[in-house]
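Given next are the chains, with one letter for each unit.
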Amino acid sequence: MGLIDVDKPIIPLSGVAQMLNAKLRTLRMYEEKGLLPTCEGNKKLYSINDLRIIAFVHYLASFKKVNANGVRFVLELLNEHVDKEQKEALLSSVEEAMEKLSPKEIEGGFEDF
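A few points on the structure. Model, not experiment: these values are computed from the prediction.

**Digging into the nonpolar core**
Reasoning step 1: Within the largest apolar cluster, 30 residues are counted, with the highest numbers of intra-cluster contacts made by Val16, Leu27 and Tyr30.
Reasoning step 2: Sorting the residues of this core by element identifies helix H1 (13-20), helix H2 (24-32), helix H3 (48-63), helix H4 (68-81) and helix H5 (84-99) as the ones contributing at least two each.
Reasoning step 3: At 10 residues, H3 tops the list of elements feeding residues into this core.

**With respect to the packing of H1 against H3**
Reasoning step 1: Interhelical geometry of H1 versus H3 gives an angle of 60 degrees and a closest axis separation of 11 Å. With respect to each other, H1 and H3 are oriented oblique. You can see that H1 and H3 cross each other, and the crossing is right-handed. In contact with Val16, Met19 and Leu20 of H1, H3 contributes Leu51, Ile54 and Ala55.

**Considerations on unusual backbone geometry**
Reasoning step 1: A positive phi angle, near 55 degrees, is found at Asn21, a position not held by glycine.
Reasoning step 2: Note on placement: Asn21 falls in the loop between H1 and H2.
Reasoning step 3: Relative accessible area serves as the criterion here: at 43%, Asn21 is assigned to the partly exposed category.
Reasoning step 4: We note that Lys65 has phi near 60 degrees; this positive angle belongs to a residue other than glycine.
Reasoning step 5: The class of Lys65 is partly exposed, set by a relative accessible area of 49%.

**Considering the pattern of salt bridges**
Reasoning step 1: Throughout the structure, instances matching the rule amount to 3 salt bridges.
Reasoning step 2: Glu31 is paired through a salt bridge with Lys44; the nearest N and O atoms lie 3.6 Å apart. Separated by 13 residues along the polypeptide, Glu31 in helix H2 and Lys44 in the loop between H2 and strand S2 (45-46) bring together distant segments of the chain.
Reasoning step 3: For Glu31, a relative accessible area of 22% corresponds to the partly exposed category.
Reasoning step 4: The structure contains a network of salt bridges with shared partners spanning Arg52, Glu88 and Glu95.

Rules of the game
The residue numbers shown here count from 1 along each chain, following its written sequence. Side-chain atom pairs in this predicted model are given and counted only at pLDDT of 80 or more, local residue features only at pLDDT of at least 70, and totals for whole chains, interfaces and linings cover all residues. Excluded from the side-chain calculations are hydrogens and water; all other atoms, namely the structure's heavy atoms, are used. Buried Ala, Val, Leu, Ile, Met, Phe, Trp, Tyr and Cys residues form a nonpolar core when they are joined through side-chain atoms within 4.5 Å. Relative accessibility thresholds used throughout: buried, under 20% of the residue-type maximum; exposed, over 50%; partly exposed, between the two (1.4 Å probe, protein chains only). Only DSSP runs of H or I covering at least 4 residues are called helices, and only runs of E covering at least 2 are called strands; the numbering of each starts at the N terminus. Fitted lines through C-alpha atoms give the axes, limited to the stretch in contact for helices. The angle between two N-to-C directions lies from 0 to 180 degrees. Here the word oblique covers every angle except those under 35 degrees (roughly parallel), over 145 (roughly antiparallel) and from 65 to 115 (roughly perpendicular). Note on convention: near helix rotated counterclockwise from far helix by under a right angle means a left-handed crossing. Clockwise means right-handed. Should any heavy atoms of two residues lie within 4.5 Å, those residues are considered in contact. Take a side-chain nitrogen of Lys or Arg and a carboxyl oxygen of Asp or Glu: if they are within 4 Å of each other, that pair is a salt bridge.

Encoded structure:
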């Protein structure tokens, strides 16, 4: 993708929530717990690659019912012990799994995180 810089932070958290059909409050809770990628500067903007990680966090927490410490541990393993190709394959499989969820399942989320 030559025209699109997938690492450029351009998407606000509200846009991420819309793209994932998630509640903004849920994503803010993940942010407060330090589970989302860090943002540079005053504006909290996320890149397309960040969006994929946020979708993974949302999938783990909301649909697999993994608690914050578990999500943090999985992210640590993913970042430190998985090569780029394996990470890409995992994130792609999560995206495919999320596409199969019904809108009602997606909106429900997991609020008692």
